[in-house]
Amino acid sequence: MNAYTGTEPYVFLSYSHTDMEIAQEIIIGLKQKMCRIWYDEGLTPGGILE
């Protein structure tokens, strides 16, 4: 799965990494409904998003 990287409006999913299994189910469901979704793919606290 890849997080959305475009410029159109999107859904942001915030979750604890300990809940990744549940988050993946939610992400899959949203993508099936054609939602653009951005989620953390391994950010670290204080990290820079490029």
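Not measured: the values here are computed from a predicted model.

**Q** Looking at this model, I keep getting lost on the environment of Phe 12. Mind explaining?
**A** Take Phe 12: it is sitting in strand β1 (residues 11-13). The sequence separation of Phe 12 and Tyr 39 amounts to 27 residues, and the corresponding C-alpha distance is 5.9 Å.

**Q** Would you take a moment to explain the confidence of the model for the protein for this structure?
**A** Regions with low pLDDT carry predicted coordinates that are not meant to be interpreted in detail. On average, the protein scores 83 in pLDDT, and the residues at 70 or more come to 84%. Highest mean pLDDT in the protein belongs to helix α1 (residues 20-32) (92); lowest belongs to strand β2 (residues 37-39) (86).

**Q** Looking at this model, I keep getting lost on the nonpolar core. Mind explaining?
**A** Soluble globular proteins tend to pack their nonpolar side chains together in the buried interior. Membership of the largest hydrophobic core is limited to eight residues, which are Ala 3, Leu 13, Tyr 15, Ala 23, Ile 27, Ile 37, Trp 38 and Tyr 39. When residues of this core are traced back to their parent elements, those giving at least two are α1 and β2. With three residues, β2 is the single largest residue contributor to this core. Contacts of Ala 3, omitting those with residues within four sequence positions, involve Ile 37, Trp 38, Tyr 39 and Glu 41.

How each quantity is defined
Residues numbered from 1 in each chain as written. Predicted model: local features only at pLDDT ≥ 70, side-chain atom pairs only at ≥ 80, totals over all residues. Heavy atoms only, no water. Helix = DSSP H or I, 4+ residues; strand = E, 2+ residues; numbered from the N terminus. pLDDT = per-residue confidence, 0-100. Core = buried A, V, L, I, M, F, W, Y, C linked by side-chain atoms within 4.5 Å. Buried < 20%, exposed > 50% of the residue type's maximum accessible area, 1.4 Å probe, protein only. Contact = heavy atoms within 4.5 Å.

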